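Fold and geometry: a report
Here's the letter readout for the chains.
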Amino acid sequence: MKAWLKSLIYSDDIVGALAIFLFVLVLFFSLMTPHFLSMNNFYSIIGNIPAMAILCLGLTYVVLVGDLDLSLGSILGITAILAVFFFKVMGFPLWLNLLSCVFIGGLFGALNGIIVTKIGINSIITTLGTMALIRGLTYWIAMDVEAMQVGRITDPAFLNFGRYYFPEGSRLIPITLVYIVILYGLSYLFLSHTSFGRKIYAVGSNEATARLAGINVKRVKLVCYIIAGALSAFGGLVLVAQLGLGEAYTGQNMILEVVTAVVLGGVLLTGGKGSLAGVIIAVLILGVIRNGMVHLEQVTDISFYWREVAKGVILLLAIGLYSVRKSFNAKRLRTRQ
Amino acid sequence: MKSTLLKMSKICKSYPGVKAVDDVSIDLFSGEVLGLMGENGAGKSTLIKMLSGAEIMDSGEIYINEEKVNINSPKSAQDCGVSVIYQELITMDTLSVAENIFVGQLPINKTTKLIDWKTAEKKSSDVLSLLNSKINPKSIVGTLSIYEKQIVEVAKAIHKNAKVLIMDEPTAALSEKDSKSLFEVIDKLKSQGVGIIYISHRIEEVFNITDRVSVMRDGMFIGTKTTKSAKKKEIISMMIGRELNQFFPEIKSEKKGIALKVSGLNIDGIIEDINFEVQRGEIVGLFGLVGSGCLNIARSIVGVDSIDQGDIDIDGRKVSIKDPKSSMKNKIGFIPIDRKHEGLTLDFSVKQNLSLQSLEQLGSGFIINDSIENSIAKKWVEKLEIKTPNIDVQVKNLSGGNQQKIVLGKTLETNPEILVVVEPTRGVDVGAKMDIYKMLESLCHQGVAIILVSTDVPEILSISHRVLVVSTGKIRKEFKKGEANQQDLLYEASLS
Amino acid sequence: MKSIGFKLSTTSSLFIFLGFLIAVFSITSEHFLSPYNITSLLTNISYSGIAAIVLTLIIISRGLDISVGGVIGLTTVVVATLYSQNDPLPTWLILIIGLGTGAIVGFINGWCITALDMDPIITTLGAMAITRGLAYVISDSQSILMFEDTTDYISNGTIFYIPIPIIIFILTVIIFSVLLHKSKFGRSIYAIGANELSAEFSGIAIKSKKMILYILSGVAASISGIILLGQTSVGMPQHGLGTELEVITAVLLGGAALSGGKGTIYGTVAGVLILGVLFNGLTISGVRYVHLQIFQGILLLVAVATYEIKTRNEVAR
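Residues numbered from 1 in each chain as written. Chains lettered and ligands numbered in written order. Predicted model: local features only at pLDDT ≥ 70, side-chain atom pairs only at ≥ 80, totals over all residues.

**A word on the overall build of chain A**
When helices and strands are counted, chain A shows 15 helices and 4 strands. Looking at chain A residue by residue over its 337 residues, the buried ones come to 50%. Within chain A, residue pairs in contact and separated by at least 24 positions form 77% of the contacts whose partners lie at least 6 positions apart. (Helix = DSSP H or I, 4+ residues; strand = E, 2+ residues; numbered from the N terminus. Buried ≥ 20, exposed ≤ 12 C-beta atoms within 10 Å, placed from the backbone. Contact = placed C-beta atoms within 7 Å.)

Structure below.
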C-alpha cells in the first residue's frame, strides 16, 4: 500500500490540518464580517465552549475504547437540575454539590458501562436507551418532585464557578479555560503516559489482542464510561454556573455536535486512535463556525442555521473519507489461496 | 546440547462426530526448527490450538523443559513461554511498535508512575536488532509492511520470553526477499535456544529451514524424520498415504465441445498466465496445495475474485464476469469451499436454501409460489437423497454431508452448464460422498463441464478426466487420467 | 411454520402483553376504551408506525436508519413553505415533492452505505443532522402555517369512519407483510441480513436491494411528515424530534435484531401497538408526555437485553 496513504490514515498530522482549517475559518469570518475579530467576540466564542469541550473529552474516552455514548447530553441535563436542587433546596456548599453531581454522573456512566460489558448490548442502542431514560427522569424530577426547584441561581459564590476570571474582576483568563486546560492536561497525561491509559488505546485498537495480553477489557471499558459520565456531570455544573440556570431541557440537543467534534478531531470511531489536541481544535472550529455564522447573518442574507447543516455535512465527510480509505485497503489485501 | 524443550504426550481432542486429534505425541528440542506438515484436516491447527491455549485438550499432557504444565487459556500458554505467530496478524495497528511489543506491560518510571518510553523504546530496539531489524520502535504498526508486522509479533513473543514459537504459514504473504530475511531471523532465534514449530504447506521451504519434520494425517501422528536425510517423496507419502481402497465411480468422459476456455488469466501477484479449457461432459481437476492459487483460479471464473488480465470464453464467446450474478447469467454454477459461511444461510430452512439461487423461478410475479418452492425442494431432496425430517427444518441442524448436498441442489436448480466445485466432500460422510459423486457422474452425462478443485488426492485422481497441477500461481503440469499416482501429484504440486 | 424470523410464540407473548396493558388501562381509566381515545390512539400509532414498518426491513437486512425524525421535520417544512408561496404549485405536485424529499434523503443514505461502504449508523446520524439543519434553514426557524384541504383530509378525514392515517398504516402493514414474508424481494432481504456473503454467492444483488430499502424508508418518513403536517396545520423544523427513538424501540421490541436476519412485520405491529397503548394509557392516567421518555428508554433496554440473553442461551445449548 502506498506509503502516503498509510500515513494519512495512521498519522497524527490531522492535528496540523485541523489547525490550518481553524486558521482559515478565522480569516474568512474576520474578512467577511466587521466585528468578528475582536477581544469581545473572542471571549464570546470561548464562553460558549466549555461545556461542549468537557463533554467531548468524556466522549473521547468511550470512543477511544471502541464504543459510542449518546447519553452524555442527558447526564449533563440531569446534573443541571440536580445542581440547582442541591444548591437551593439542600443548601450544599459548592464543593459538596460538585462532588455529588460528579459522583452521580459517574454512576450513570457505570450504568451504561455495565449494560454494555456485562449484558453485552451494543453501545449505541444502550446509550440511546439511557439517553431517553435519563432525560425522562430529568423531566420527571424537575416537574413532579415537590421539593425540586429548578431555574435560576443567582448566588454569586455559585456563579463564580463558571464565571470567574483571573485575576479577579478583570476579563483576562476565564476560569472555564482553566478547567479545560486542567482536565485536558490531566487526561493527556493519563491517556498517553500511564499504563491504564495505554490499555484504553490497546483495547480500542484490537480488543481480542488486548484480551490475549491479559488486559481486563471489561474493566477498562467500564472505567471509560464512568469517566465520561463524571465529566459530563462536571460539564453540567459549569454550564449551570455560566447560564445561572438549570432546566430539564439543558443539554438536550448537544450530543450530535459532541459526536461531530470528536470525529472531526481525528478520534477513530473504531477506537485506539485519537489525540486530545485534535478534539479541542475541532471544538474550537465548531465554535468559530457557530459564532461566525451569526455574524455572517448580520452582514449577508445567509441564515445561520446553515451551521446545523454544516455540522451534519462535516460528520458525513469525516466518516465518508474514513470509509473510502478503509475499502481501499481491503481491496489491496488479496492473497493466494 | 539439545534438550527436550517441549513434549506433547498422547493428546486427544474430539468434536461431535470427528476425532480431530487422536493420541498424538510430539516433541521439540530447544534451538531446533520442527516442521509440522499435513493436508488440510490432518489436525495440525487443532493440535497447535491446544498448545497455544485456544482450545482445551480432552486428554494428554504437555511438558515444557521436562516440567508438566497446565495450558488452559491463551494467557497460561504465554506464561509457559509458548507464543504463536498467526497467519492473520493480530497487531494493534493504531499503536506504535514499542506499544505492541510491551502491550499491557509498559515499563513504568518508579517515581513519576508514568510510562518510561525511553526504556520501552530502547528495549524494543534491542529485541528488534536481535531480529536483524532496524524498525523504529516509534513507528505506527499500521504503516509497516506485512513482513515488518510479523517481526513485531516475533519481537513481542521474544520479549515475553517465548521458549516455544509457533509459526503458522509465515511466508504465505511474503515476498522472496522478505522470506529470506525471515529465515535469517529464524536462524538467529535458533541460536538463542528458541524452539520453533514451523507449519507450512511449502515442501521446498520446509526442507530448507527445518531440522526435523513431523507429519500428521487424519488426526494421527505419522512420524518424524530428520530433514537432512529425508526424501520429499517420503514425506509426501506420509502425508497422503491413504489406502486407495475407497471406491470411486468410474465416470466416463463424453466430450462434446469446448464449454469454457480460460486464456492468459492473471491476478497480479497471485495467479499468472492461466490457460486451460474444459469440454462439455468432462471433469477437469485443479489440484494444488494450500496457497497454490487454485482457489483463486476457481473464484475468478465465478466472479468472486477480480481478474487483472485475461479472457474467459464460453461456447466460443468472450464473456465478462465481474460478480457472482454475471457468472450465473453465463450458466456457471459454483460450490464454494466453505458451505457454512459462503454456501448456506444456516437459519433458513432446507427449502428456503434450495430455492435461494432461483428466486426468479418461484412463480411469475413477485410473490413466491409456495407449491413451486416445495416441489423444487422435494425434487432435490429426492435426487440427492438428502436426509432431513422435512423441508422446513433449519439447515444448521443437518449433518455436513446433507448440508453439502443442499448447496449442490441450490446451484443445480439453476441448470448450470459449467460447474465449479470446490472441496465437494470435505467433512462429508462416506454415504453422502457417494451420492455426490453419483450426481457429478450424472451431470457429466448431461454434458455439464465440471471443474473440480480438491486437495483430497484420491478423490481428484479418480474422479477427474484430467488433472491440472497448480503451484505458486501457475499451472505446472497436466496429467491425463491414469498417468499419475498420488505421489506424482503431490510432488508436482510441491515444486515451485 | 416459518423457520426464519420469530417462532410464533414470541410474537404471541408480545400480543399477550399488549392485551394485559389494554386490560390494565381500561380498569384504571374509564376513558381508555372510549371511541374517541381509541381513534386517537390508533391515529398516533399510525403516524410513527408507517416508518417503523419500513425500518423493520432495514434492520432485518442488518442496517439501520436513524434519520426518520429529521426527514419528517424537513418534509413538513418543505411542503408548508411551497404551499405558502405566492401562486403556489398545485397541491398534488407539492405533496409529490414532499415525498420526493424523503426519497432523495433515502437515496443519499443508500448511496453512502452501499457505494461508499459507510457505516449505516453514522451515515443516517449525519443525515438526521443535515435534514434537521436544512429544515431550520429553509424555515428560518419559524413555524409555517398551512391550512389546506388535501393535507387536512389526509390527516383528519375518514373513510367509513376510519381515520385515513389508520387506513394508510393498515395498507402499509398489508403491503409490507406481503413484501417481506411472501415475496421474492422479502426472501432476499432476510438472506442478506442472515448471511450477506451467501446471499451474494447466490446471485442476490445486495446493493440495489439495500438502496431500495433506504429510499422506501425516506418516503415512509415523508408520509409520516405529511400526516403530521395535516394534523398540526403547521410545518416546523422541530417536527419529528424524538421519533427515531420511538420507531427503533418499536421495531426492536417487536423482535427484530440488529444483527440481522430476524424480525417480522407482526412483531413490529405488536411493538408499535404496545408503545402506543403504553403512552396513551399513561397519558390518560395523568403522566406527562416528557415522562414517557423514561418508559421508552426502559422498554428499549429491557427488550434488547431480554432478546440478547435469550439468543445467548439458545446458542449455548
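**Focus on the overall build of chain C**
Scanning chain C from N- to C-terminus turns up 13 helices and 4 strands. Taken over the C-alpha trace, chain C has a radius of gyration of 19 Å; the compact-globule value for 317 residues is 20 Å, and the two agree within 12%. Structurally, chain C occupies a C-alpha span of about 65 × 55 × 35 Å along its principal axes. Within chain C, the proportion of its 317 residues that are buried is 59%. Once local pairs closer than 6 in sequence are excluded, the contacts in chain C between residues at least 24 apart make up 79%. (Rg over C-alpha atoms; globule rule 2.2 N^0.38 Å.)

**Considering the interface of chain A and chain B**
Across the boundary between the two partners, chain A contributes 27 residues, which contact 26 residues of chain B. Taken together, the elements giving at least two residues each to the side of chain A that touches chain B come down to α1 (3–10), α10 (195–205) and α11 (207–212) of chain A. Top element by residues in the side of chain A that touches chain B is α10 of chain A. It accounts for 6 residues. Here the residues of the side of chain A that touches chain B are counted per class, giving 10 nonpolar, 11 polar and 6 charged. (Nonpolar A, V, L, I, M, F, W, Y, C, P; charged D, E, K, R; others polar.)

**Notes on the interface of chain C and chain A**
When the parts of a complex come together, some accessible area is lost, and that lost area is often taken as the interface size. Counting residues at the interface gives 35 residues for chain C and 36 residues for chain A. When residues of the side of chain C that touches chain A are traced back to their parent elements, those giving at least two are α5 (120–139) and α13 (292–316) of chain C. For the side of chain C that touches chain A, the leading source of residues is α5 of chain C, giving 12 residues. Residue composition of the side of chain C that touches chain A, by class: 21 nonpolar, 8 polar and 6 charged.

**Some points on the confidence of the model for chain C**
All names here are of chain C. Chain-level pLDDT for chain C is 88 on average; 96% of the residues reach the 70-or-more range. Across residues 1–7, confidence stays below pLDDT 50; counting only partners more than four residues off in sequence or on other chains, it has 20 contacts. Per the prediction output, this complex has pTM 0.86; the corresponding ipTM is 0.86. (pLDDT = per-residue confidence, 0-100.)

**Some remarks on the confidence of the model for chain A**
On average, residues of chain A score 85 in pLDDT, and 89% of them are at 70 or above. Across chain A, helix α4 (residues 50–64) of chain A holds the top mean pLDDT of 96, while α1 of chain A sits lowest at 56.

**Regarding unusual backbone geometry**
A positive phi angle, close to 40°, is found at Thr472 of chain B, a residue other than glycine. Structurally, Thr472 of chain B is set in the loop between β19 (466–471) and β20 (474–480). The phi angle at Asp117 of chain C is positive, at roughly 55°, despite the residue not being glycine. The topology assignment puts Asp117 of chain C in the loop between α4 (91–114) and α5. Judged by C-beta crowding, with 14 C-beta atoms within 10 Å, Asp117 of chain C ranks as partly exposed.

**A closer look at the environment of Glu55 of chain B**
Residue and element names in this part refer to chain B. Among the structural elements, Glu55 can be located in the loop between α1 (44–51) and β4 (59–64). Residue class for Glu55 comes out partly exposed when judged on the 19 C-beta atoms lying within 10 Å of it. For Glu55 and Met439, which are 384 residues apart along the polypeptide, the C-alpha to C-alpha distance reads 38 Å. When near neighbours in sequence (up to four residues on either side) are disregarded, Glu55 contacts Lys13, Thr46, Lys49 and Met50.

**Structural notes on the nonpolar core**
Nonpolar side chains in soluble globular proteins tend to be buried together. Counting 364 residues, the largest nonpolar core has Cys56, Val258 and Val283 of chain A together with Ala298 and Ile450 of chain B as its most contacted members. The leading source of residues in this core is helix α12 (residues 217–243) of chain A, at 17 residues. Formed jointly, this core draws a minimum of three residues from each of two domains, domain 1 (4–240) and domain 2 (258–494) of chain B. Discounting chain neighbours no more than four positions away, the residues touching Ala298 of chain B are Leu286, Val420, Val422, Ile451 and Val453 of chain B. (Core = buried A, V, L, I, M, F, W, Y, C linked by C-beta atoms within 7 Å. Domains from an automatic or database assignment.)

**Quick word on α12 of chain A**
Residues and elements named next belong to chain A. Between its first and last C-alpha atoms α12 spans 39 Å; for 27 residues at 1.5 Å apiece the expected length is 39 Å, and the two agree. In terms of residue burial, α12 counts as a mostly covered element, since 22 of its 27 residues are buried. Immediately downstream of α12, the backbone of Gly244 shows phi near 70°, a positive value. (Expected span 1.5 Å × (residues − 1).)

**Remarks on the sheet that holds strand β18 (residues 449–453) of chain B**
All names here are of chain B. With mixed pairing, 6 strands are arranged side by side in an open sheet as β16-β17-β18-β13-β19-β20. Since the sheet does not close on itself, it has two edges, and those belong to β16 (332–335) and β20, each with one partner. In this sheet, neighbouring strand axes are inclined to one another by 20° on average, regardless of whether the strands run parallel or antiparallel. Here β19 pairs with β20 via 6 bridges, running antiparallel. Bridge pairing in β20 places Val467 opposite Phe479. Contacts from helix α17 (residues 486–494) reach β13 (283–287), β19 and β20 within the one sheet, and its direction differs from that of β19 by about 30°. (Pairing = 2+ DSSP bridges. Axes fitted to C-alpha atoms, helices over the stretch in contact; angles between N-to-C directions.)

**Considerations on the packing of α4 of chain C against helix α10 (residues 206–232) of chain C**
For any two helices packed against each other, the geometry is given by the interaxial angle and the distance between the axes. All names here are of chain C. Running from N to C, α4 and α10 cross one another at 145°; their axes reach a closest spacing of 7 Å. Helix-helix and strand crossings are classified by hand; for α4 and α10 the assignment is right-handed. Classifying every residue of the contact of α4 with α10 gives 14 nonpolar, 11 polar and 2 charged. (Left-handed = near helix turned anticlockwise from the far one by under 90°.)

**Some thoughts on the packing of helix α6 (residues 94–119) of chain A against helix α7 (residues 123–144) of chain A**
Residue and element names in this part refer to chain A. Closest axis-to-axis distance for the α6/α7 pair is 10 Å, and the angle between their directions is 145°. Viewed along their axes, α6 and α7 form a crossing whose handedness is right-handed. Judged by residue contacts, Phe108, Leu111, Asn112, Ile115 and Val116 of α6 engage Ser123, Thr126, Thr127, Thr130 and Ile134 from α7. A per-class count over the contact of α6 with α7 returns 5 nonpolar, 5 polar and no charged.

**A word on the sheet that holds β4 of chain B**
Residues and elements named next belong to chain B. The 4 strands are arranged β2-β1-β4-β5 in an open sheet whose pairing can be described as antiparallel. Looking at the sheet topology across the chains shown, the edges are occupied by β2 (18–29) and β5 (67–69). Ignoring which end each strand starts from, the neighbouring axes of this sheet average 25° apart. The pairing of strand β1 (residues 4–15) with β2 spans 8 bridges and is antiparallel. Note that in β2 the partner of Ser14 across the bridge is Lys19. Contacting β1, β2 and β4, α1 crosses the sheet at an angle of about 115° to β1.

**A short note on the pairing of β4 of chain B**
All names here are of chain B. Relative to β4, β1 runs antiparallel, the two sharing 5 bridges. Bridging across to β4, Met8 finds its partner in Ile62. The loop that links β4 with its antiparallel partner β5 comprises 2 residues; one of these, Asn65, has a positive phi angle of about 50°.

**Quick notes on the pairing of strand β7 (residues 164–168) of chain B**
All names here are of chain B. The buried count for β7 comes to 4 of 5 residues, which makes it a mostly enclosed element. Pairing geometry for strand β6 (residues 82–85) and β7, over 4 bridges, is parallel. What sits directly across from Ile85, in β7, is Met167. As paired elements, β7 and strand β8 (residues 195–199) share 5 bridges and run parallel to each other. When the bridges of β8 are listed, Asp168 appears paired with Ile199. Crossover β7 to β8 through helix α6 (residues 176–191) is right-handed. (Right-handed = clockwise from strand over helix to strand, strands pointing away.)

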